[in-house]
Amino acid sequence: MPEVRNYAPGIPCWVDLMAPDQRAALDFYRDLFGWQGEPGPPETGGYAVCTLNGRAVAGIGPAMAQDGQPAPPTAWTTYFSVADAEAAAGAVAAHGGKVVMPPMDVLTFGRMAIVADPSDAVFGLWEARDFFGCEVVIDPGSLAWNELNTPDAEAVADFYPAALGVTVAPSQAMPGGFEFTVEGRPVAGVQPLDRLLPEAPPHWLTYFAVDGTDTTVDALVRAGGSVLVPPFDMVAGRIAVVSDPQGGVFGLIEVAPEYLQQAAA
């Protein structure tokens, strides 16, 4: 895939993980995906921007409690590109969502907020300045897809167009599901919660592309990870849902060749 140079509003542009043991998480994902990353300086809270072949692919930070609150859960967060974080957070609140962390500046990199949709699925907003997000997608070891798992797909499908400006339409590939499109291209999905992880709360699931789903799952298990949904085939490729040793849940997908061709078009 060519390098990504910007993201239109409404497109997932970044993913990150807050982990109790940042060093262990950096080592785990280095061995699994080939990422390179080191804890950052104190002014960024130690946040690490991980790279693959020199291109930014994801962030990993230390999970830290704020103002006497418990530390955040070990979870991957999907960030959507927005033109104005303040306006986008206001739209989230005005249409039944909630603002978990109000917009704030991240040095000169950009402006971020953490919000939740009406089903309490958490996601991030990113207003880019010096840093726009993932510099490569779809390649093995990089972000491939983001999918909302929620108990009422139709209800939240009304929320996201108002909050993010995306177009939402029924998915042709997944009955009962929906796709977000921006400028006519699919950028994210929505499916009923009971399809993959019926016991989980509503959440955005991050999928990373891999060369081989089965071999990656085997490597993950050897490294102390867990398999939540074993590998299976679907229209976009062969997928699995897994957890890292600290409980961070994510998906793996060996993308079908025809979908790779569409992404490269």
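As a reminder, the structure under discussion sits directly above these lines.
So, a few notes on the structure that sits alongside this text.

Even without being a glycine, Asp 120 presents a positive backbone phi close to 75 degrees. Note that Asp 120 resides in the loop between β6 (110-116) and β7 (122-128). Taking the relative accessible area as the measure of exposure, Asp 120 reaches 43% and is therefore partly exposed. Unusually for a residue other than glycine, Ile 138 sits at a positive phi of about 75 degrees. Summarising the element assignment, Ile 138 is placed in the loop between β7 and β8 (143-150).

What follows concerns the sheet that holds strand β12 (residues 203-209). Spatial ordering of the open sheet is given by β9-β10-β11-β8-β12-β15-β14-β13, a layout of 8 strands whose pairing is mixed. This sheet does not close on itself; its edge strands, each paired only once, are β9 (167-170) and β13 (226-234). Across the sheet, the mean angle separating the axes of adjacent strands is 25 degrees when strand polarity is ignored. Bridge count for β12 against strand β15 (residues 249-255) is 3 bridges, and the pairing is parallel. For Phe 208, the partnering residue across the bridge sits in β15 and is Leu 252. Running at roughly 10 degrees to strand β14 (residues 237-243), helix α4 (residues 213-222) makes contact with β13, β14 and β15 of the sheet.

For strand β3 (residues 55-62), the buried fraction is high: 8 of the 8 residues fall into the buried class. Note: strand β1 (residues 12-19) against β3, 4 bridges, orientation parallel. Looking across to β3, one finds that Asp 16 is bridged to Gly 59. The pairing of strand β2 (residues 48-52) with β3 spans 5 bridges and is antiparallel. In the strand pairing of β3, Val 49 is matched with Gly 59.

You can see Ala 209 is positioned in strand β12. Residue Ala 209 is classed as buried on the basis of its relative accessible area of 2%. For the pair Ala 209 and Pro 140, spaced 69 residues apart in sequence, the C-alpha to C-alpha distance is 4.6 Å. Excluding its chain neighbours within four sequence positions, the residues that come into contact with Ala 209 are Ile 138, Asp 139, Pro 140, Gly 141, Ser 142, Ala 144 and Ile 253.

What counts as what
- Residues numbered from 1 in each chain as written.
- Predicted model: local features only at pLDDT ≥ 70, side-chain atom pairs only at ≥ 80, totals over all residues.
- Heavy atoms only, no water.
- Helix = DSSP H or I, 4+ residues; strand = E, 2+ residues; numbered from the N terminus.
- Buried < 20%, exposed > 50% of the residue type's maximum accessible area, 1.4 Å probe, protein only.
- Pairing = 2+ DSSP bridges.
- Axes fitted to C-alpha atoms, helices over the stretch in contact; angles between N-to-C directions.
- Contact = heavy atoms within 4.5 Å.

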